[in-house]
Amino acid sequence: MELKNAVAVVTGANRGLGRHLAAQLVEHGAEVYAAARRPETIDLPGVTLLRLDVTDQDSIQEAARIASDTTLLINNAGISTGATLIGGDLEKVRQEMETNFFGPLAATRAFAPVIEANGGGAVLNILSVLSWLHPAGLGSYAASKAAAWALTGATRDELAPRGIAVSALHVGYMDTDMAAAVPADQKSAAADVAAQALNGIEAGLPEILADELTQQVKQSLAVASEPNAA
């Protein structure tokens, strides 16, 4: 998909990776709806502000009505509460699933007819290496991202006949608020990850692996799935 002259909606565009994605899309020549629950917190030049709360169906439908010229949806908004699956607060587990799985699902369902009506386009889901790697301490987050990975694969097959490509970005730690406690030398620059994501969209890649850790984990899955693997 060519990004120049594309019309993109980026959820969670007020900070972190979402902000970099929105800014770089503008640099590519795209029109950008920078979406957030509180759009007044977005200070990017060259974008159109859009109120969109991925946990609020009415908000999503209204955003799809306003952004009726969309050809690219980037499901970036997400949360991490640090909840574990057994001992953690069940409401936090539900909150992560609502935001990280049902949110992208609801947004994709709302925007798919819009993108199709505009001649086709793409959806990019921002996932994680924890789609495949499931540490107990981040069990809730990992479960929500694993579910979002399944969502990505299933919607890719369902939307392909409608001219909509669906891609996933998998990434480890980034220099964002969510990974503030992680040492800097273990994190990727969010701007670099955004650039990889957009290059992947233009190249039509179904899966974009943003760092060495993610590549290693994905390779280990491939090895484990081989018939003669130990």
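Our structure's up above, just so we're on the same page.
Being a predicted model, the structure only gives us computed values, none of them experimental.

Draft legend 1. Expanded view of the environment of Asp69. Inspection of the secondary structure assignment puts Asp69 in the loop between helix H2 (57–66) and strand E4 (72–75). Given a relative accessible area of 29%, Asp69 falls into the partly exposed group. Expressed as a C-alpha distance, the spacing of Asp69 and Ala36, which sit 33 residues apart in the sequence, is 18 Å.

Draft legend 2. Expanded view of helix H5 (residues 190–203). Between the first and last C-alpha of H5 there are 20 Å, a value that for 14 residues agrees with the 20 Å anticipated at 1.5 Å per step. Within the sequence span of H5, burial applies to Ala190, Val193, Ala194, Ala197, Leu198, Gly200 and Ile201. Down the axis of H5, the sector holding all buried residues measures 155 degrees, keeping them to one side. On its buried face, H5 is in contact with helix H1 (16–27), E4, strand E5 (121–126), strand E6 (164–170) and strand E7 (207–209). Just downstream of H5, Gly204 is the residue with a positive phi angle, here 75 degrees.

Draft legend 3. Examining the packing of aromatic side chains more closely. Summed over all chains, the structure comprises two aromatic pairs. Here the aromatic rings of Phe101 and Phe102 are separated by 4.9 Å at their centres, their planes lie at 75 degrees, and the arrangement is edge-to-face. Ring centres of Trp132 and Trp149 lie 5.6 Å apart, and the angle between their planes is 80 degrees; on these two criteria the pair is classed as edge-to-face. Taken as a pair, Trp132 in the loop between E5 and helix H4 (139–159) and Trp149 in helix H4 lie far apart in primary sequence, 17 residues in all.

Draft legend 4. Here's a closer look at empty space enclosed by the protein. What the rule picks out here adds up to one cavity of 30 Å³ or more. Those elements that place two or more of their residues in the lining of the largest cavity are helix H3 (90–117), E5 and H4. The biggest single contributor to the lining of the largest cavity is H4, with four residues. Grouping the constituent residues of the lining of the largest cavity by class yields six nonpolar, five polar and one charged.

Draft legend 5. Representation of the packing of H2 against H3 within the structure. H3 packs onto H2 with a crossing angle of 20 degrees between their chain directions and a minimal axis gap of 9 Å. When the interaxial angle is binned, H2 and H3 end up roughly parallel. As H2 packs across H3, the resulting crossing turns out to be right-handed. Packed against H2, whose contacting residues are Gln57, Ile60, Gln61, Ala63 and Ala64, the element H3 presents Ala106, Ala107, Ala110, Phe111 and Val114 at the interface. Class assignment of the residues belonging to the contact of H2 with H3 gives a composition of eight nonpolar, two polar and no charged.

Draft legend 6. Main features of the environment of His134. Of note, His134 is situated in the loop between E5 and H4. Look at His134 and you get exposed, because its relative accessible area is 51%. Sequence separation of His134 and Gly18 is 116 residues, and the distance between their C-alpha atoms is 24 Å. What His134 contacts, discounting residues up to four positions off in sequence, is Ala142 and Ala146. From its side chain, His134 meets the backbone oxygen of Ser131 in a polar contact 3.0 Å long.

Draft legend 7. Examining the sheet that holds strand E3 (residues 48–51) more closely. If you trace the seven strands from one edge of the open sheet to the other, you get E3-E2-E1-E4-E5-E6-E7, paired in parallel fashion. Each edge of the open sheet is held by one strand with a lone partner, namely E3 and E7. Going from strand to strand, the sheet's axes swing by 20 degrees on average, the running direction of each strand aside. Pairing between strand E1 (residues 7–10) and E4: three bridges, direction parallel. Considered in E4, the bridge of Ala8 is made with Leu72. Its contacts with the sheet place H3 against E1, E4, E5 and E6, and it is angled at close to 175 degrees to E4. The strands touched by H5 are E4, E5, E6 and E7; relative to E7, the strand with the most contacts, the crossing angle is about 155 degrees.

Conventions adopted
Residues numbered from 1 in each chain as written. Predicted model: local features only at pLDDT ≥ 70, side-chain atom pairs only at ≥ 80, totals over all residues. Heavy atoms only, no water. Helix = DSSP H or I, 4+ residues; strand = E, 2+ residues; numbered from the N terminus. Buried < 20%, exposed > 50% of the residue type's maximum accessible area, 1.4 Å probe, protein only. Expected span 1.5 Å × (residues − 1). Arc of directions from axis to C-beta. Contact = heavy atoms within 4.5 Å. Phe/Tyr/Trp six-rings, centres within 6.5 Å; stacked < 30°, edge-to-face > 60°. 1 Å grid on protein atoms, 1.4 Å probe; cavity = no way out; pocket = protein on both sides within 12 Å on 5 of 7 lines; lining within 4 Å. Points joined across faces, edges and corners; volume = space filled by probe spheres on them. Nonpolar A, V, L, I, M, F, W, Y, C, P; charged D, E, K, R; others polar. Axes fitted to C-alpha atoms, helices over the stretch in contact; angles between N-to-C directions. Parallel < 35°, antiparallel > 145°, perpendicular 65-115°, else oblique. Left-handed = near helix turned anticlockwise from the far one by under 90°. Polar contact = N/O pair within 3.5 Å; in protein donor to acceptor, adjacent residues only side chain to side chain. Pairing = 2+ DSSP bridges.

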